[in-house]
Amino acid sequence: MDTTIIDFLRLVLLSMVPFVLAGQGTMLGGRTGVFNVAQEGMMLVGASVGFLVSFFSGSILLGVIVAMLSGALFGLALAYFTTSLKMNQFVIGLALFFIGLGVSTLLPKLILGITLTPPLIPTLKSIPIPLLSQTPFIGPILFKQNILVYVSVLVSIGLWYFLFKTQKGLELRSVGEYPMTADSLGINTTKMRYWSTIIGGMLIGMAGAYLPMVYAGTFTEGMTMGRGWLAIALTFFGGWSPLPILYGSLFFSAVEVLAFRVQVIGSFLPYQILQMFPYIATILVMILTFKRSRVPGFLGNNYDREKRSL
Amino acid sequence: MTIAKKLLPYLLAVVASFVAAGIFISLMGFDVFKAYQTILFTSFRTPNGFIQTLLKFIPLTLLALAFTIPLNAGKFNIGGEGQMMAGGIGAAAMGIMFADLPAIILLPLVILGGVVAGALWGLIPAWLLYKFNINEILTTVLFNFVAFFLIDYVCTGPWRDPAAGHPTTVLIGRGGWLPMLVNNPPLHSGIILAILVAIGVYIYTSRTTGGYELVATGANPRAAGVFGINTRRMFVLSLVLGGAIAGLAGAFEVAGNQHRLIEGMQSNFLQLGLIIGLISRGNNGAVPFVAFMIAVLEVGASAMQRTMMIPVEMVFIVEALILLFVLLSDVVRRK
């Protein structure tokens, strides 16, 4: 029993990473008012590119870096179309989602050809932290994880510190609340929106790269399975704040692991019904929490300094 | 403004995306001109190609309308394919449960089953929006996944066809099959109904009071509210209407093409429907024409993959680029 619980919690932490990273990436852009809805496509590109680069270079690190760069490129496009050209954020987000979707399947088909047995990359190894990993119970749960689990937690804490404890962070948040006021105080709103969206895109790309590197060892079409969309729900759930997003991702991940576990063990419920569980649970959570969710005041809007009113 | 002037940005967008993709295709070492010839003319070279195109045109038009009607009211329905699959389930349920009924009763029942199931699938997000003010973008997307798993469940459940290798349901009753317009290659009569629906939607949104209320809600919800339009009811109505039309597409897929449900029968109709709706800029009158154009590209894409080994996704990216360039033409015009 004890080992089952340890195993379960270890898996929950392992599976939270895509949610944490994509959630923080969404949050960061949103904090300057850019509402990204291209996560699903960006994560797929991250997964595809991350897998291909790792496979050909033999370096997972390089794979993650290139996946992050691809995410940054999408973030840059999103920032340019919305902030500089002032185009509708949802529509551009959807267009980028489509492009991501297409590119993610096109690249492996072009480079590897259409194969029945896809090549595999080695999955991320767990790195036990000396001493701490020896602690009973929490040791194997918290401190025997792969590197990106640690990174995702550190990123979350770092973002919290940056946004809520530094002057620049305060300035960034003000752009997403009252851009006009921020502008009048001499804050470069355009630059803020660009950087937050680009770095947010990097995190989303990294979230995608995690999938082939931890679960399958290869890229499969549509392997995100809606995690990008779930990440948006998570961001609302976490009130667009880094630490609640980190905790919230534990819930999203626990639901995913639980649904999978019950399928393996077998139950009176058909497995397809169990597979629906994460999506239905998300909707239930949205019903319970959306009313109280704190949302950046300018979320989804574009700021035009030459207009008199917003 | 003359029509030619209106069409110019679209033409430029199409040319620009073909040029951009062409550079990429030639860099990959393929013959660009042969590729584009295949993409553009496969639909018109043989009767088979043309009928393939019409068969694609049906669900694409309907799914695009399932997106544009809520868009007219200012809401994003990203759940068209889930609603379509729900419609497929509803249609198959009718066709299997009442398999022995004569066509005159069963066929309308199958179609109605699809429409009602699709409408219900659109009603859930609409109700969540109405009651709890939950963003419809997320809920409609998530219900796609629920519908996909539901289809897989139905295909392995009590209606499973034990003789088939891949999980599918048994065939629906013969009376539920849509009559064929052309037998070889097969073209079902759903196309007539689809065109009628498209015309109906166009008249509804541009020529009737109810439709005007819907469009007014999308144009400026606050002003619409001041003039006594119940905007929240309009949101619900638009999403349910969208769901019903997507459900009709699902019913056609069952009654016209497959005559059964198949596990994993979902395709990329959702994305293409959204692309068509956005290229049309929510103009329901333009939807069928854009849908036909995209259907031509899609049929050409499969031919290109078969004969030249260029993956079909290449064309999907071209379509996404056309959308992006069409959107960009707005910005250029504003300047």
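Think of each chain on its own: its residues are numbered from 1, step by step along the sequence as written. Chain letters and ligand numbers both follow the written order, the letters beginning at A and the numbers at 1. The predicted origin of the model limits local features to residues at a pLDDT of at least 70 and limits the giving and counting of side-chain atom pairs to 80 or more, whereas totals for whole chains, interfaces and linings rest on all residues. To get the side-chain values, take all heavy atoms of the structure and skip hydrogens and water.

### Remarks on the interface of chain B and chain A
Think of interface size as the accessible area that goes away when the parts come together; that is how it is often given. In plain terms, the rule: Any pair of residues with heavy atoms lying within 4.5 Å of one another is described as a contacting pair. Simply put, the buried area is the total loss of 1.4 Å probe accessible area from both parts when two parts are fitted together. Any carboxyl oxygen of Asp or Glu that lies within 4 Å of a side-chain nitrogen of Lys or Arg is treated as forming a salt bridge with it. In the analysis that follows, any N or O atom pair within 3.5 Å is treated as a polar contact, provided that within protein one partner can donate a hydrogen and the other can accept it, and provided that, for residues neighboring in sequence, both atoms belong to side chains.
Taken together, the contacts link 44 residues of chain B with 42 residues of chain A. Where chain B abuts chain A, roughly 3900 Å² becomes buried across the two surfaces, and 86% of that area is made up of carbon and sulfur atoms. The three residues of chain B that bury the most area against chain A are B:L138, B:L142 and B:F149, which together make up 17% of that side's buried surface. A salt bridge links B:E313 to A:K109; its shortest N-O distance comes to 3.1 Å. Counting across the interface, chain B meets chain A through three residue pairs in polar contact (both at pLDDT 80 or more).

### Notes on the pattern of salt bridges
All names here are of chain A. To keep it simple, the criterion reads: The way it works is that DSSP assigns letters per residue, a run of H or I at least four long becomes a helix, a run of E at least two long becomes a strand, and they are numbered from the N terminus.
Evaluation of the coordinates by the stated rule reveals ten salt bridges over all chains. One salt bridge in this structure joins K168 and E171, with 3.4 Å as the shortest N-O distance. Placement of both K168 and E171 in helix α7 (residues 167-177) is noted, with a separation of three residues, approximately one turn of the helix. Here the salt bridges share partners, and the residues they tie into one network are R31, E177 and R294.

### With respect to the domain arrangement of chain B
Residue and element names in this part refer to chain B. Using the following cut-off: The split into domains, and so the bounds of each, comes from an automatic or database assignment of domains. Gly counts as polar in this scheme, as do all residues outside two lists: the nonpolar Ala, Val, Leu, Ile, Met, Phe, Trp, Tyr, Cys and Pro, and the charged Asp, Glu, Lys and Arg.
Domain annotation of chain B identifies domain 1 (1-30 + 311-335) and domain 2 (50-309). Across the contact, 16 residues belong to domain 1 and 16 residues belong to domain 2. Put simply, domain 1 and domain 2 have one salt bridge between them. Between domain 1 and domain 2 we count six residue pairs in polar contact (both at pLDDT 80 or more) in total. Elements with a contribution of two residues or more to the side of domain 1 that touches domain 2: α1 (3-27) and α13 (313-334). If one sorts the elements of the side of domain 1 that touches domain 2 by residue count, α13 sits on top with eleven residues. Of the residues assigned to the side of domain 1 that touches domain 2, the class counts are twelve nonpolar, one polar and three charged.

### What to know about α1(B)
All names here are of chain B. Stated precisely, the cut-off is as follows: Helix span is expected to be 1.5 Å times the residue number reduced by one. Two axes are fitted around each residue, one to the seven residues ending there and one to the seven starting there, and the angle between them is reported as the bend at that residue.
Here α1 contains 25 residues, and its C-alpha end-to-end distance of 36 Å stays within 8% of the 36 Å for a straight helix at 1.5 Å per residue. When the local axis directions of α1 are compared, the greatest deviation, roughly 30°, occurs at P9. For α1, the elements touching its buried residues are α2 (32-45), α12 (287-308) and α13.

### Brief notes about the nonpolar core
This is how it is decided: Nonpolar core, defined: a set of buried Ala, Val, Leu, Ile, Met, Phe, Trp, Tyr and Cys residues in which side-chain atoms within 4.5 Å join the residues together. Note on exposure labels: buried denotes an accessible area under 20% of the residue type's maximum, exposed denotes more than 50%, and partly exposed covers the range between, all computed with a 1.4 Å probe on protein chains only.
With 187 residues, the main nonpolar core has A:L94, A:F98, A:W229, B:L62 and B:L261 as its most contacted residues. When we break this core down by domain, the ones giving at least three residues each are domain 1 (1-30 + 311-335) and domain 2 (50-309) of chain B. Core analysis: the second largest hydrophobic core is formed by five residues, B:A126, B:L129, B:V236 and B:L239 among them.

### Describing a nonpolar patch on the surface
Residues and elements named next belong to chain B. Quick reminder of the rule: Like charges within 9 Å and nonpolar side chains (Val, Leu, Ile, Met, Phe, Trp, Tyr) within 5 Å are joined into patches, using only residues over 30% in relative accessible area that form no salt bridge. Each accessible area is a Shrake-Rupley estimate made with a 1.4 Å probe; only the visible protein chains count as cover when residues are assessed.
A cluster of nonpolar side chains, namely L181, V182, I192, L193, I195, L196, I199, Y202 and I203, defines an oily patch on the protein surface of about 740 Å² accessible area. Sorting the residues of the nonpolar patch by element identifies β1 (180-182) and α7 (190-207) as the ones contributing at least two each. The element contributing the most residues to the nonpolar patch is α7, with seven residues. Along the polypeptide, V182 turns up in strand β1. On the basis of relative accessible area, V182 is assigned to the partly exposed category, the value being 33%.

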